Amino acid sequence: QVQLVESGGGLVQAGGSLRLSCAASGRTSTVYSMGWFRQAPGKEREFVAAHAWYGGSTYYKESVKGRFTISRDYAKKMVYLQVNSLKPEDTAVYYCAARISGVDYTPSSTYGYDYWGQGTQVTVSP
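Residues numbered from 1 in each chain as written. Predicted model: local features only at pLDDT ≥ 70, side-chain atom pairs only at ≥ 80, totals over all residues. Heavy atoms only, no water.

### Some remarks on the overall build of the protein chain
When helices and strands are tallied, the protein chain shows zero helices and eleven strands. In sequence order, the secondary structure elements of the protein chain are arranged as β-β-β-β-β-β-β-β-β-β-β. Since a compact globule built from 126 residues should have a radius of gyration of about 14 Å, the 14 Å found for the protein chain is in line with a globular shape. C-alpha extents for the protein chain along the principal axes are approximately 40 × 25 × 25 Å. Burial statistics for the protein chain: of 126 residues in total, 43% are counted as buried. Carbon and sulfur atoms form 48% of the exposed surface of the protein chain, whose accessible area is close to 6400 Å². Looking at the protein chain, you have 13 positive and 9 negative side-chain charges, and the mean spots of the two groups are 5 Å apart. (Helix = DSSP H or I, 4+ residues; strand = E, 2+ residues; numbered from the N terminus. Rg over C-alpha atoms; globule rule 2.2 N^0.38 Å. Buried < 20%, exposed > 50% of the residue type's maximum accessible area, 1.4 Å probe, protein only. Areas by Shrake-Rupley, 256 points an atom, 1.4 Å probe, with all protein chains shown as cover. Lys, Arg positive; Asp, Glu negative; His and termini not counted. Charge placed at Lys NZ, Arg CZ, Asp CG, Glu CD.)

Here it is, written out as structure tokens:
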């Protein structure tokens, strides 16, 4: 079992920044990769970024490259998503996810993750 708890969301004006955090607990030694997804009302959940627990490989949705940065602190069992230059279209509930197996891993697939947090709301005003 792996438990994930997101925090750091809030209301910010366009152009502003937030730092989202995801605290992992439980059997974190089994985690292969961590990811961030988001879901806006009326839309499907979409991939934002991912970071391998070991090795440090990172992956990003094309539209957030240069604005969002995923990072990890293995000792603290934390992953972060720094979101800069926010736009209204970034408004969504942001979810943290963890994948256990490294076999046939596709970072951007929602099916590739085993555990999910409850989400944290990010709202960007014009």
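Still more to cover.
### Quick word on the environment of Asn84
Within the fold, Asn84 resides in the loop between strand S8 (78-83) and strand S9 (92-99). Residue classification places Asn84 among the partly exposed positions, given a relative accessible area of 26%. Considered as a pair, Asn84 and Leu18 are 66 residues apart in the sequence and their alpha carbons are 6.7 Å apart. If sequence neighbours within four positions are ignored, Asn84 has contacts with Gly16, Ser17, Arg67 and Phe68. (Contact = heavy atoms within 4.5 Å.)

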